[in-house]
Amino acid sequence: MDGIKYTGKRTYYREVSIGEEKNVEVYLTPRGKYKMKGDDDPLTFLLACIGIPTGLLLTFIGGRVLVQIIVDHFKKPTGADEERIE
């Protein structure tokens, strides 16, 4: 596959211009099409493995705290509060 030109879309995090050529790795899919190899590396995979459960945990804890705040807000007054109201 050396030297064959392919076209495709890619996100670059630096300035590039139209028509600029770059060497990339491609692979053959089971359906017979060529695709550009992704930028997956072990560090990105590790960060995703840590980030997804951490985000879920923070969402659960944050939701629990918000529910507790709402429940406390609408809780019926206690006996001490009733005496003061009367």
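Residues numbered from 1 in each chain as written. Predicted model: local features only at pLDDT ≥ 70, side-chain atom pairs only at ≥ 80, totals over all residues. Heavy atoms only, no water.

A. Structural detail: the overall build of the protein chain. On a plain count of helices and strands, the protein chain comes out with two helices and two strands. In the protein chain, the succession of helices and strands from N to C terminus is β-β-α-α. Burial status across the protein chain gives 1% buried among its 86 residues. Long-range pairs, those at least 24 residues apart, make up 27% of the contacts in the protein chain with a sequence separation of at least 6. Working note: accessible area of the protein chain is about 8800 Å², and carbon and sulfur atoms make up 61% of it. (Helix = DSSP H or I, 4+ residues; strand = E, 2+ residues; numbered from the N terminus. Buried < 20%, exposed > 50% of the residue type's maximum accessible area, 1.4 Å probe, protein only. Contact = heavy atoms within 4.5 Å. Areas by Shrake-Rupley, 256 points an atom, 1.4 Å probe, with all protein chains shown as cover.)

B. The arrangement of a nonpolar patch on the surface in detail. A cluster of nonpolar residues, Leu57, Phe60, Ile61, Val65, Leu66 and Ile69, forms a patch on the protein surface that exposes about 610 Å² of accessible area. Summarising the element assignment, leucine 66 is placed in helix 1 (residues 42–74). (Patch = residues over 30% accessible without salt bridge, like charges linked within 9 Å, V, L, I, M, F, W, Y side chains within 5 Å. Salt bridge = Lys/Arg side-chain N within 4 Å of Asp/Glu carboxyl O.)

C. Region of the structure containing the pattern of salt bridges. Using the criterion set out here, one finds one salt bridge in the structure. Put simply, aspartate 72 and lysine 75 hold a salt bridge, and the shortest N to O gap is 3.7 Å. With a relative accessible area of 40%, aspartate 72 lands in the partly exposed category.

D. Molecular detail of the confidence of the model for the protein chain. Considering every residue of the protein chain, the mean pLDDT works out to 78; 70% of them sit at 70 or more. When pLDDT is averaged over each element of the protein chain, helix 1 comes out on top at 90 and helix 2 (residues 79–85) at the bottom at 57. (pLDDT = per-residue confidence, 0-100.)

E. Structural detail: the environment of arginine 14. When you line up the elements, arginine 14 lands in the segment before strand 1 (26–28). Judged by relative accessible area, which is 45%, arginine 14 ranks as partly exposed. Beyond its immediate stretch of four places on either side in the chain, arginine 14 contacts Glu20 and Lys22.

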